[in-house]
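Structural overview for review
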Amino acid sequence: MRVAAGLILASAMSLGMASAAWSQTPAAKPAAATQAAPAAAPAPQTAAPQTAAVANPPSPQQAPQPARAACNNANALGVARTVEIDTTGGPGFGFEHFKELDFLRDHEVVLTFDDGPWPHNTPAVLKALADECTTGIFFPIGKHSTYEPEILKQVYAAGHTIGAHTWSHANLNNKKLTEQQKKDEIEKGFSAVKWALGGISPSPFFRFPALQHPPEMVTYLGNRNIAIFSCDLDSFDFKASKPEKVIDTVMKKLTKLGKGIILMHDFQKHTAEALPTLLQQLKAGGYKVVAMRAKNPVSTLSEYDQELLKDVKLPTVSQRPVNSVVTTVSE
Ligand SMILES: [Zn+2]
């Protein structure tokens, strides 16, 4: 979906009908997604999640992520190392575009997942990661986060790192977009993720849709102290015809490179299906997962937080049809 969704949504956005343009609409009800979630979601590590549900923005000093659950799988892939990232100045990661920061050791990998949250597929990815007691970085689309906030909350509760991936998956190299519209895509994406997490700010980690990096936005993110994530190896899972293809592509590229930040999509069905076997093959191949944590959460801009509240359909508890709520008693 890295390229295709960008094209669909970028063109749809210009027509003002982005959500209607999806050929795949969210099919699952939130209840089904909840059942598929990891059973042992850990309690948050700090008091921050409880206080963060109020309207006030959380303190920049809040812990960005809860702790992961205790591991009950003795043969799990696990997490070999956790690194903390100081995002001051907007460092870039991923050798496909950024060559400066070579921090991974031989046979170390970072698992990254784009374009969620999405019913069925994101919960399946969460289960696969939980079964192997391992972790990844999620780069959700802002709009998807407003469709499925409960699923994004599950990602957070499981202790994974969450960044952002624009509001509508627009290709920011699109010449039809003004500089302000590009900034809006970035900022509203972060604000949407924060809204979906009940007011908890995500990590200042950003991935450009389709890995299209306009230089002025790279500079902008640097001034906003937001790290940029390209990748070392692309699974091309959005093009894969079957789960086995995803596994084959990742393992072959890893054999060649020896390590790397792996780009996948929790949005993709084949990726969700491939992940249990892929994680087992990583373990068998001697690969080790590195967790990346931000030193501080992102500071969203209040005007985008406010704008978002006008856009999202606020979740009411009642799901009853209109004719059971509104009854004509006289006319
Ligand atoms: Zn994407």
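Scroll up to find the structure.
Residues numbered from 1 in each chain as written. Predicted model: local features only at pLDDT ≥ 70, side-chain atom pairs only at ≥ 80, totals over all residues. Heavy atoms only, no water.

**Examining the packing of aromatic side chains**
Taken as a whole and assessed by the stated rule, the structure comprises 9 aromatic pairs. On the numbers, 6.2 Å between centres and 35° between planes, the contact of F190 with F206 is tilted. Linking F190 in helix α7 (residues 179-196) with F206 in strand β6 (residues 205-206), this pair joins segments that are 16 residues apart in sequence. Exposure remark for F206: the relative accessible area of 0% places this residue in the buried category. When the ring centre of W167 is taken as reference, the NZ or CZ atom of K188 above it lies at 4.3 Å. (Phe/Tyr/Trp six-rings, centres within 6.5 Å; stacked < 30°, edge-to-face > 60°. Helix = DSSP H or I, 4+ residues; strand = E, 2+ residues; numbered from the N terminus. Buried < 20%, exposed > 50% of the residue type's maximum accessible area, 1.4 Å probe, protein only. Lys NZ or Arg CZ within 6 Å of the ring centre and 35° of its normal.)

**Regarding the state of the cysteines**
If you walk through the whole model with that rule in mind, you get 1 disulfide. A disulfide bridge connects C71 with C133, and the sulfur atoms are separated by 2.0 Å. Across the S-S bond linking C71 and C133, the dihedral sits near 80°, which makes this disulfide right-handed. Remark: C133 occurs in the loop between α4 (121-131) and β4 (137-139) and C71 occurs in the loop between α3 (48-51) and β1 (81-85); sequence separation between them is 62 residues. Residue C71 is classed as partly exposed on the basis of its relative accessible area, which comes to 40%. (Disulfide = S-S within 2.5 Å.)

**Observations concerning the pairing of strand β3 (residues 108-114)**
The buried fraction of β3 is high, at 7 of 7 residues. Both faces of β3 are covered, namely the face carrying E108, V110, T112 and D114 and the face carrying V109, L111 and F113. Two elements, β3 and strand β9 (residues 260-265), share 6 bridges in a ladder whose sense is parallel. Counted as the bridge partner of F113 is M264 from β9. The sheet contact formed by β3 and β4 spans 3 bridges and is parallel. Directly across from T112, in β4, lies its bridge partner I137. (Pairing = 2+ DSSP bridges.)

**Remarks on the coordination of the zinc ion**
Surrounding the zinc ion are the protein donor atoms D115 (OD), H165 (NE2) and H169 (NE2), which sit 2.1 Å from the metal. Each donor residue of the zinc ion belongs to the same chain, and together they define the spacing D-x49-H-x3-H. Of this pair, D115 sits in the loop between β3 and α4 while H169 sits in the loop between β5 (161-162) and α7, placing them 54 residues apart in sequence. Of the two residues examined, D115 and H169, each falls in the buried class. (Donors = N, O, S within 2.8 Å, 3.2 Å for Na, K, Ca; no water.)

**Side note on helix α6 (residues 149-157)**
All buried positions along α6 are accounted for by P149, I151, L152, Q154, V155 and Y156. At the C-terminal side of α6, G159 shows a positive phi close to 90°.

**What about unusual backbone geometry?**
Trans peptide bonds make up the majority, and among non-glycine residues the majority have a negative phi. Cis geometry is found at the peptide bond from G116 to P117, where omega equals -10°. Note that P117 resides in the loop between β3 and α4. A positive phi angle is found at D115, which is not glycine, with a value near 80°. Given a relative accessible area of 0%, D115 falls into the buried group. With a phi close to 50°, F236 is a non-glycine residue in the positive phi region. By the element assignment, F236 lies in the loop between β8 (233-234) and α9 (243-257). Look at F236 and you get partly exposed, because its relative accessible area is 32%.

Nothing here speaks to function; it is all geometry.
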